[in-house]
Amino acid sequence: MAKGLTADELRTEPEDVLVTKLKEAKEELFNLRFQAATGQLDNHARLRQVRREIARIYTVMRERELGIVTVAEEPEAQEDEKSNG
């Protein structure tokens, strides 16, 4: 899982990539929790980072579901629409 994902970066990703990143983040969170329970976790701050990444992914997915934010189209396609319309 990439470190430091921002909501802006996630908004540019297609839906299938978001689902993949969400799955990876959930797996990482599971592994981190397991390490914490067995006393093997070195970086406790990573738990918080992963939880926040999961929340960001869910937020972007919900924004798309509600139509608040959509994946930006190709700049060329937008220019064609403007010139034709």
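No experiment lies behind these values; they were computed from the predicted model shown.

Engineer: Tell me about the nonpolar core, and name the residues and values.
Structural biologist: When a protein is soluble and globular, its nonpolar side chains tend to lie buried together. Ranked by size, the top nonpolar core spans 14 residues in total, and within it Leu10, Leu18, Val50, Ile54 and Ile57 carry the most contacts. Among the elements of the structure, helix H2 (15–38) and helix H3 (45–66) are those that each provide at least two residues to this core. With 6 residues, the single largest contributor to this core is H3.

Engineer: Describe the environment of Arg52, with residues and values.
Structural biologist: Following the sequence through the fold, Arg52 ends up in helix H3. Sequence separation of Arg52 and Ala25 is 27 residues, and the distance between their C-alpha atoms is 9.8 Å.

Engineer: Kindly report on H2, identifying the contributing residues and their values.
Structural biologist: Under the 1.5 Å per step criterion, the end-to-end length of H2 is 35 Å for 24 residues, consistent within 8% with the ideal 34 Å. Elements that come into contact with the buried residues of H2 comprise helix H1 (7–11) and H3. Looking at the residues trailing H2, positive phi occurs at Gly39, about 80°.

Reading the values: the criteria
Residues numbered from 1 in each chain as written. Predicted model: local features only at pLDDT ≥ 70, side-chain atom pairs only at ≥ 80, totals over all residues. Heavy atoms only, no water. Core = buried A, V, L, I, M, F, W, Y, C linked by side-chain atoms within 4.5 Å. Buried < 20%, exposed > 50% of the residue type's maximum accessible area, 1.4 Å probe, protein only. Helix = DSSP H or I, 4+ residues; strand = E, 2+ residues; numbered from the N terminus. Expected span 1.5 Å × (residues − 1). Contact = heavy atoms within 4.5 Å.

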